Amino acid sequence: MPLKLLNNVFFQSIFLMSLLVVVGIFIPNWLVFVITKAIAYGLVGLGIITLMRGGLVSFGQGFVFGIGGYTAGLLGTQAGLTDAVLLLFISFIFTGFVGLIIAPLLARYRDIFFAMLSLAFSMVLYGILIKIDAIGGSDGFVLPESTYFGIKPSKEYADYILYVVSVIMTGIVSILLRYYYDSTPGLIALAVRENELRVEYLGSSAFNVTVLNFTIAAGLGGMGGALNGIALGHIDPEFTYWTTSGEFVFISILAGYLSVPAVFLAALLLELVRSFSGRYFPDTWQLILGVFLILSIIFIPSGIGSFFKQLFDKLKNK
Amino acid sequence: MSDKSNLLRAEGINKSFGAVIAAKDININIQKGERVSLIGSNGAGKTTFMNMVTGYLKPDTGNIFFKGENITPLNPRIITQKGISRSFQIPQIFEPMSAWENLLVALGTSKTNHSYFRNARSKENSDYIDEILSRFSLNEFAHRQVSELPGGVRKLLDIAMALVRKPDILLLDEPTSGVGAEEKYPLMDTIAKALSVENLTVIFVEHDMDIVQNYSERVIAFYQGEIIADGNCDNVLNDKNVQEFVTGKTQVKAK
């Protein structure tokens, strides 16, 4: 029975969420902040692995990351909406909607063409954002402090509360996504990755599955962008820059497409490497990141997720 | 014009690839429940015809009707949804998956909207897949990665995947090609047994005349894009033109 529970996605997620919420009480504030940022990046990575399951990689998820961040920021500054839960939810929906609009165009392309077209969207958005002075141009703008169901937490607890909210919301999203992966379109996405022609000859649409996956990836990217903006208290066009998109691809490659928790672990590793190299080895962070990426591609080509999968397969077979 | 007895009707089909004529004034009526084999040397137009029926290729002129509906302009996905499935000469299966998962994908693609987002591995789906596996004698290979499976088993799986949707017409492109001589009959026996459960119309491309004679009721012979004979096995296989251009003048014994 305990093994059965351990294999249940819902219980796994509840356990992990509870653990993270409790651990957050005992860890220093800087680490709480780092984990919150890792969750934000992990959400975008989760979107990319959703696409990867269908054989596609987006080099331009900065596009949806930026839209999500700016949506949360503008709702805060222009509409006075400061509730973090609401901002995350609205950013998810709005960016998903934007994704749905451009997905039919992107879904017509495969491989490097898909990757570069997605990158092109992020570059166009970056170019537009740095030119609009009304929203801060290249400097961006500051977000108002967040509230939670009408309550504004003291500065001392603000980071932890946001951390808890992000853990819970991400947990819910991850559960839903796991169920999506196990549903028919989730399964067909894996088939599209292998043999698109056969999928069509079985009566299903590779195009529709790609549109759906991109829409989900966009929503997740937008939610990640909003969370990152809220955590930093600031948003700028750098969110949409191609190097930011590259970091999301890095997370996805490191994680692989076999496991949802692996994406957040990969994002945390990225954030920790960034934080430590920034503090102890300034200006070498790209070097460290590059070496890290080379090693992970050579030694764990299927990503960290392959370890998780092996572990759970062993548990299943026991 | 709709005729219920004609499940599939091709009218005046012409298709060329540059100077090569792949189909010349093809007219075929296929009735419900028929077992039809298409014979002809390589390049005679058999697979081109099959590709046109399934929407992969479009005829230059002419139309194809399925249950009275013109399916000529439709794409393979829609045609499959309407009830025409096919298997391939080189099995088109999902290599990193197990045989069971391949069938699960095939089953998933046939789901209606209300069940689309349910867990694909539900008991109902599992039971149906197990039944298909039994029907094709694939149980022992169910959980093996298909890239490791022998040629004959891969062929069976390819056909089983096409059958999962419960089509009205199943087109098999050279089901015994690439399979050893001693494996051909057991393979065809398994296929015939599996297909006998459904009242299926089966059209298959085949080069082995013994297989043709044993497993089909009707034979259509192609030569250079034209139909040179169409009828029951004995008549077609003993046709002078067929013997000269297709079977190589071998007298075929009557069944």
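The rules behind these values
Residues numbered from 1 in each chain as written. Chains lettered and ligands numbered in written order. Predicted model: local features only at pLDDT ≥ 70, side-chain atom pairs only at ≥ 80, totals over all residues. Helix = DSSP H or I, 4+ residues; strand = E, 2+ residues; numbered from the N terminus. Rg over C-alpha atoms; globule rule 2.2 N^0.38 Å. Buried ≥ 20, exposed ≤ 12 C-beta atoms within 10 Å, placed from the backbone. Contact = placed C-beta atoms within 7 Å. Axes fitted to C-alpha atoms, helices over the stretch in contact; angles between N-to-C directions. Parallel < 35°, antiparallel > 145°, perpendicular 65-115°, else oblique. Left-handed = near helix turned anticlockwise from the far one by under 90°. Nonpolar A, V, L, I, M, F, W, Y, C, P; charged D, E, K, R; others polar. Core = buried A, V, L, I, M, F, W, Y, C linked by C-beta atoms within 7 Å. Domains from an automatic or database assignment. Pairing = 2+ DSSP bridges. Expected span 1.5 Å × (residues − 1). Arc of directions from axis to C-beta.

Please set out the overall build of chain B residue by residue, giving values where relevant.
Within chain B one finds nine helices and 10 strands. Here the C-alpha radius of gyration of chain B, 18 Å, is about what a compact globule of 255 residues would show, namely 18 Å. Principal-axis analysis of the C-alpha atoms places the extent of chain B at approximately 55 × 45 × 35 Å. Out of the 255 residues in chain B, the part that is buried amounts to 45%. Across chain B, contacts joining residues at least 24 apart in sequence account for 65% of those joining residues at least 6 apart.

Tell me about the packing of helix α4 (residues 62-78) of chain A against helix α5 (residues 84-106) of chain A, and please be specific about residues and values.
All names here are of chain A. Where α4 meets α5, the closest approach of the two axes is 9 Å, and the angle between their N-to-C directions is 135°. Put simply, α4 runs oblique to α5. Like other packed secondary-structure pairs, α4 and α5 cross with a definite hand, here right-handed. Only Leu87, Ile90, Ser91, Phe94, Thr95, Val98 and Gly99 of α5 make contact with α4, whose side of the interface consists of Val64, Ile67, Gly68, Thr71, Ala72, Leu75 and Gly76. Residues that form the contact of α4 with α5 fall into these classes: eight nonpolar, six polar and no charged.

Now, about the nonpolar core: what can you tell me, with residues and values included?
If you look at the biggest cluster of nonpolar residues, it comprises 169 residues, and the most contacted ones within it are Ile251, Val263 and Ala266 of chain A together with Leu103, Ala160 and Ala221 of chain B. Formed jointly, this core draws a minimum of three residues from each of two domains, domain 1 (1-83 + 170-191 + 199-255) and domain 2 (91-166) of chain B. Not counting residues within four places of it along the chain, the set of residues in contact with Ile251 of chain A comprises Tyr41, Gly42, Gly45, Val263, Ala266, Ala267 and Leu270 of chain A.

Go over the interface of chain B and chain A, please, and point to the residues and values.
How big an interface is tends to be stated in terms of accessible area lost as the parts join. On the side of chain A, 18 residues touch chain B, which itself brings 24 residues to the contact. At the level of secondary structure, the elements contributing two or more residues to the side of chain B that touches chain A comprise α2 (76-82) and α3 (99-109) of chain B. A per-element tally of the side of chain B that touches chain A places α3 of chain B first, with five residues. Along the lines of polarity and charge, the residues of the side of chain B that touches chain A split into 10 nonpolar, seven polar and seven charged.

Outline α3 of chain B, supporting the account with residue identities and numerical values.
With 11 of its 11 residues buried, α3 of chain B lies for the most part within the structure. Among the residues of α3 of chain B, Ala99, Trp100, Glu101, Asn102, Leu103, Leu104, Val105, Ala106, Leu107, Gly108 and Thr109 of chain B are the ones counted as buried. Against α8 (184-194) and α9 (196-201) of chain A together with α4 (123-135) and α5 (151-163) of chain B lie the buried residues of α3 of chain B.

Just give me the short version of the sheet that holds strand β2 (residues 20-31) of chain B, but keep the residues and values in it.
All names here are of chain B. The strand order across the open sheet formed by four strands is β2-β1-β4-β5, and the pairing between neighbours is antiparallel. The outermost strands of the open sheet, each flanked by one partner alone, are β2 and β5 (69-70). Across two bridges, the pairing between strand β4 (residues 61-66) and β5 is antiparallel. Across the sheet, residue Phe65 finds its bridge partner in β5, namely Asn70.

Account for the domain arrangement of chain B, naming residues and giving values.
Residue and element names in this part refer to chain B. Structurally, chain B comprises domain 1 (1-83 + 170-191 + 199-255) and domain 2 (91-166). Contact residues are listed per partner, giving 10 residues for domain 1 and 10 residues for domain 2. Those elements that provide at least two residues to the side of domain 1 that touches domain 2 are β7 (169-173) and α6 (181-196). Partitioning the side of domain 1 that touches domain 2 into residue classes produces six nonpolar, three polar and one charged.

Residue-level account of helix α6 (residues 111-129) of chain A, with values.
Side chains three or four residues apart in an α-helix point the same way, a direct result of the helix having 3.6 residues per turn. All names here are of chain A. Its 19 residues place the ends of α6 28 Å apart at the C-alpha level, agreeing with the 27 Å of an ideal helix rising 1.5 Å per residue. Listed in full, the buried residues belonging to α6 are Phe114, Ala115, Ser118, Phe121, Ser122, Leu125, Tyr126 and Leu129. Taken end-on, α6 shows its buried residues confined to a sector of 135°, consistent with a single buried face. Turned more than 90 degrees away from the buried face of α6, the exposed residues are Ile112, Phe113, Gly127 and Ile128. Looking at the packing, one finds that the buried side of α6 touches α4, α5 and α11 (242-255).

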